[in-house]
Amino acid sequence: MIPSFLIGRITIIESQLNTNFENLLALHIEGSQMKIPVEDCQSSNSTATSRHWLFGSFIIAFIGALVLTFVQQILVQDYEQRSITTDFVLRFLLNIFSWGLVVLLFPKYLLAVWFFLVALYQTGIFFYYSYFHVPPSFAVLNNNSDEGMEVLGTIFDFFPWKTFCFFLLVAGLQFYVLRQRQRFSFPLLRRLLYAIVCLVIFAGLLVGLNKGSRRLTSPFVYPLEPKVAKFGLLPVCLHEAWFLQHHSIQTFLENARQQETQQSDLLHHEYHPPHEWKNIVILQVESLDYAVIRLKKEGKEVIPFINSLLDQSLNYRIWTQPSYGSATADFVMLNGCLPAKGLFNYNIPSYSFPLSLPAFLKEHGYQTFAVHGVRGSFYNRQQAFNAMRVDHFIFRQELVEALQKHPEKYEPLLDTLSIKQALKDQWLDDDILFAYSQKTLEENQKPNQRNFFLIITTSSHGPWYDNYNDIIPVERTSQDRYLNSIHVFDQRLRRFYESLPEGTLLFIYGDHTPHFISGNYVSDIVGGKHFVPLIISVKGENIHDHQSVTLHDQISLRDVYSYIKNTVQEQQKKEQPITTATDSKIDRQIK
């Protein structure tokens, strides 16, 4: 990315400046002994100092160009004007004067800390953008930082090491400026004068950039790219922090309500069973990629059981956009709309989830469950599921308590793990989720009772470790470990599927892909959309021939939400409603 001749030229200039400085210093000492006129020595020192300042200015300008490259080529890849436009020229000038201000004012050791933090900051920002395809907003950093730390190990699976080398080079140039700092230092008062000049120019540029149609003072919503192109990510995030502090949460509520109006119903004409569903199970599978469908490695199918379901089920290639991570998928699935822009709905304190699927099913006689092997505070799901009126939400703590209280009930259902081994992990193995769900579903097969389950798996989430080797015995890459983990999930799904009561409606889909963009396995990602499989299966029935929709890539989880609601409503119109516990109590009071 950086021309080698430019690096070579920098080295030559440095060597020449060092030689000139040493010669001038020797000449100054010798001249003092030979009584050379003082004004000649001052002139020589002034010339050397000017050269060092010129060199320092060149390095600062070069760092400004690198920062501009980082902003344009990484954070604003989808910006409509990718050429060097007025925005980017002004952004470049902002970089120069902001870096000049830092170099002039910061003490040497504080400057070293600053350079390190900037390199770390740029590395983290790039990693986030390369995965989610949007710059991280302040709201995301503020509300989802804990979740980010939970999956920090995935950075080693996805981080592009060529880019890391680029950042090392940038850091090296920054520390070179630090080394040269003492050579072109002026007295404190003069440095303060230059700093004031830099600050005035920087402020003037910032004010100038704030003019026009895309003002920074406008309410903060995505997309961030045009604003980042103008101001850089840090000023945009600082403005958003100020906006959140001084404005009502009403802005995000209004945006959430706008999203609620944008629903989709592309599956409306698909198969509608003649009988009512007593059990509905939604299985949200971590990182289930459409590219893994029918895939073979080492002569074996990676997910043979899921492949076997395709010929007897409705199956589609649908898209998701994990703008807020895994939680985006379950929000869309349970609410039928995209999340609010700028602040995720699970973190909007007064959001009431008016389109909640669990609340709708509860009103139609279903008992609702949500099972996830992670703590309930992860993405604030526990509070959100409670607001969505889920009857029973079971997270890691509840699963641990259940398994410790009744090990004899669950341990026979586990594959290879003992309960003692399984409970050591912060994210419980899918085997435990399936065992708990199987037993709970069996215990709730009562007359006149309907059940709805949402199961969110975790075992196929990165970072992928060397836990399994069924498909690829010798794992050399993260892709190999992912394929082995999704194969083991497929085996456990087979056992869970076989335990389901006849007639159970099962939805299987991925929350997003594992996001492999190169190597021996590439994920199905197009234009920032993650394409995952959707399988709609009815236990004991073959409904594949009833599939009519062929525009698979236009379907999303919003269509699945509408499909469930419409079908339940139609079924209950045809059949006599099942008496609920509340209705029975009222009947007894009347008698």
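For the structure, see preceding data.
Note that the structure is a prediction, hence the values are computed from the model and not measured.

### Looking at the side chain of D289
Counting through the fold element by element, D289 comes out in the loop between β1 (279-285) and β2 (296-297). R317 provides the closest opposite charge to the buried, salt-bridge-free D289, at an N-O distance of 7.9 Å. Engagement of the side chain of D289 in a polar contact is seen with the backbone nitrogen of D524, the distance being 3.3 Å. Once you skip the residues sitting within four places of it in the chain, D289 turns out to touch Y482, T513, P514, Y521, S523, D524, F531 and P533.

### Here we look at the pairing of strand β9 (residues 505-510)
Burial within β9 is extensive, with 6 of its 6 residues counted as buried. The alternating pattern of β9 places L505, F507 and Y509 and L506, I508 and G510 on opposite faces, both of which are buried. Where β1 meets β9, 6 bridges bridge the pair, whose relative direction is parallel. Within β9, the residue paired with I282 across the bridge is F507. Here 5 bridges tie β9 to strand β11 (residues 529-538), and the two strands are oriented antiparallel to one another. Pairing of I508 across the sheet is with I535, part of β11.

### Some words on the nonpolar core
Soluble globular proteins tend to pack their nonpolar side chains together in the buried interior. Formed by 63 residues in total, the largest nonpolar core has its most connected members in Y346, F385 and F507. What F385 contacts, discounting residues up to four positions off in sequence, is D330, L334, Y346, A370, V390, F393, F395, L454 and I456. If you look at the next biggest cluster of nonpolar residues, it comprises 46 residues, including L309, A402, L403 and L506.

### Regarding the packing of aromatic side chains
All told, the structure shown has 22 aromatic pairs when counted by the stated rule. Between F516 and Y521, the ring centres sit 6.1 Å apart and the planes meet at 80 degrees, which makes this aromatic pair edge-to-face. Across this residue pair, the class does not change: F516 and Y521 are buried. An aromatic cluster of at least three residues, connected via ring pairs, comprises Y324, F331, F344, Y346, Y351, F353, F385, F393 and F395. One Lys or Arg, K529, reaches over the ring of W319 and ends 4.3 Å from the middle of that ring.

Conventions and cut-offs
- Along each chain, residue indices are assigned from 1 in the same order as the chain's sequence is written.
- Given that the model is predicted, a residue must reach a pLDDT of at least 70 before its local features are reported, and side-chain atom pairs must reach 80 or more before they are shown or counted; all residues, however, enter totals for whole chains, interfaces and linings.
- In computing side-chain values, all of the structure's heavy atoms are included and hydrogens and water are not.
- Numbered from the N terminus, helices here are DSSP runs of H or I no shorter than four residues, and strands are runs of E no shorter than two.
- Relative accessibility thresholds used throughout: buried, under 20% of the residue-type maximum; exposed, over 50%; partly exposed, between the two (1.4 Å probe, protein chains only).
- The positive count covers Lys and Arg only, the negative count covers Asp and Glu only, and His and the chain ends enter neither.
- Here, a salt bridge means any Lys or Arg side-chain nitrogen found within 4 Å of an Asp or Glu carboxyl oxygen.
- Pairs of N or O atoms are called polar contacts if they sit within 3.5 Å, as long as, within protein, a hydrogen donor faces a hydrogen acceptor (for residues adjacent in sequence, only side-chain-to-side-chain pairs).
- The contact criterion used is simple: two residues touch if any of their non-hydrogen atoms lie within 4.5 Å.
- At least two DSSP bridges between two strands are needed for those strands to be called paired.
- Nine residue types can take part in a nonpolar core, namely buried Ala, Val, Leu, Ile, Met, Phe, Trp, Tyr and Cys, and a core is a set of them joined through side-chain atoms within 4.5 Å.
- Aromatic rings from Phe, Tyr and Trp, taking only the six-membered ring of Trp, are treated as a pair when their centres fall within 6.5 Å; an angle between ring planes under 30 degrees marks them as stacked, one over 60 as edge-to-face, and anything in between as tilted.
- By the criterion adopted, a ring carries a charge over it if an Arg CZ or a Lys NZ lies within 6 Å of its centre and within 35 degrees of its normal.

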